[in-house]
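What follows is the residue order along each chain.
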Amino acid sequence: PPVRAGRFFVYGAHDKGKVPDDTVNLRIEAGAAFGTGHHGTTVGCLEAFEAVLQDQGAPARVLDVGTGTGVLAIAAARTGSSTVVGTDIDAPSVRISAENAEINGARATFVEDGDLSHSEVRGPAPYDLVFANILARPLIELAGPISGLLRPGGTAILSGLLRAQEDEVLAAWLPLGYTAERVIHHDAWSALRLRRA
């Protein structure tokens, strides 16, 4: 079924007739890549991003680490971010996310990259906002590399972690100069909105 998260409405082609007029509509098909909006982590990220849009407006430069279907990157591009880059370690996800961006009329670049070293990832840095909806262990391992790409005062929206893993993830990020601005829970899952000092 379609998913509503703030101003975002995520749907598949079979629900085209249910699309509201007053939402940012994102057509994402269920398939081989992660991120149709049904998982608590994706919904949490979209809700955290909604709050950023309300508080600060659209961030100019956005990086989406572990982009999956590209839904978060596409949401950023569709709401005014002028530079959007998505990365994934999975080649089919990179292809699917690019296809989804085209379907949704969103300008975004997607690259296969596991350590954030790709020239198309590093070129637009520093970013104003970074999504990382992956898993707790890579969130911890990539805390330093992601911080190196995020501008001072920028926002990191992290998910893919269980509530029970919040403290462990925050222990890796807070010493790097972040403050937790919001924690969102859906079922057993958490999404963290952090601000870099």
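S.K.: Before we go on, may I ask you to explain the overall build of the protein chain in this structure?
M.R.: When its secondary structure is counted, the protein chain shows seven helices and 10 strands. Its C-alpha atoms give the protein chain a radius of gyration of 15 Å, near enough to 16 Å, the size a compact globule of 197 residues would have. Along the three orthogonal principal directions, the C-alpha set of the protein chain runs to about 50 × 35 × 30 Å. Taking all 197 residues of the protein chain together, 52% fall into the buried category. Taking all contacts inside the protein chain whose residues are at least 6 apart in sequence as the whole, residues at least 24 apart take part in 63%. Counting every atom, the protein chain has about 8300 Å² of accessible surface; 51% of that belongs to carbon and sulfur. Charge separation in the protein chain, taken as the distance between the mean sites of 17 positive and 23 negative side-chain charges, equals 6 Å.

S.K.: Just to check I follow, could you spell out the sheet that holds strand β4 (residues 61-65) for this structure?
M.R.: An order of β6-β5-β4-β7-β8-β10-β9 is seen for the seven strands of this open sheet, with the pairing classed as mixed. Here the strands that pair on one side only, and so sit at the sheet edges, are β6 (109-112) and β9 (178-186). Between one strand axis and the next, the sheet turns through 15° on average, direction left out of account. Pairing geometry for β4 and strand β5 (residues 83-88), over five bridges, is parallel.

S.K.: I'm lost on the packing of aromatic side chains in this one. Help?
M.R.: The description of an aromatic ring pair uses the distance of the two centres, along with the angle that the planes make with each other. In total, this model carries four aromatic pairs according to the counting rule given. Geometrically, the ring pair formed by F49 and F131 is edge-to-face, given 5.3 Å between the ring centres and 70° between the ring planes. In this pair, F49 is assigned in helix α1 (residues 40-56) and F131 in strand β7 (residues 127-133), connecting sequence segments 82 residues apart. With a relative accessible area of 0%, F49 lands in the buried category.

S.K.: Hey, could you run me through helix α7 (residues 166-173) in this one?
M.R.: Helical periodicity: at 3.6 residues per turn, an α-helix aligns residues three or four positions apart in one direction. Among the residues of α7, E166, V169, L170 and W173 are the ones counted as buried. Along the axis of α7, the buried residues cluster in a sector spanning 100°; they form a single face. For α7, the exposed residues lying more than 90 degrees away from the buried face are D167 and A171. Looking at the packing, one finds that the buried side of α7 touches α5 (136-141), α6 (143-147), β8 (150-162), β9 and β10 (189-196).

Basis of the calculations
- Counting of residues starts from 1 at the beginning of each chain's written sequence and follows it residue by residue.
- Local features in this predicted model are restricted to residues of pLDDT 70 or higher, and side-chain atom pairs are both shown and tallied only at a pLDDT of 80 or more, whereas totals for entire chains, interfaces and linings draw on every residue.
- Excluding hydrogens and water, the side-chain values take into account all heavy atoms of the structure.
- Where helices and strands are cited, they refer to DSSP runs of H or I of at least four residues and of E of at least two residues respectively, numbered from the N terminus.
- Atoms considered for the radius of gyration are the C-alpha atoms alone. The globule rule reads 2.2 Å times the number of residues to the power 0.38.
- The rule is simple: take the accessible area with a 1.4 Å probe, protein chains only, and divide by the maximum for that residue type; under 20% is buried, over 50% is exposed, in between is partly exposed.
- Two residues form a contact once any of their heavy atoms are found within 4.5 Å.
- Accessibility throughout is a Shrake-Rupley quantity obtained with a 1.4 Å probe, and a residue counts as covered only by protein chains that appear here.
- For the purpose of charge, His is not counted, nor are the chain termini; Lys and Arg are scored as positive and Asp and Glu as negative.
- For this purpose, a charge sits on NZ of Lys, CZ of Arg, CG of Asp or CD of Glu.
- DSSP-based pairing: two strands are paired if at least 2 bridges between them are found.
- Under this scheme, a helix contributes an axis fitted over its contacting stretch, all axes are lines through C-alpha atoms, and angles between N-to-C directions fall in the 0 to 180 degree range.
- Aromatic rings from Phe, Tyr and Trp, taking only the six-membered ring of Trp, are treated as a pair when their centres fall within 6.5 Å; an angle between ring planes under 30 degrees marks them as stacked, one over 60 as edge-to-face, and anything in between as tilted.
- The directions from the helix axis to the C-beta atoms are what the arc is built from.

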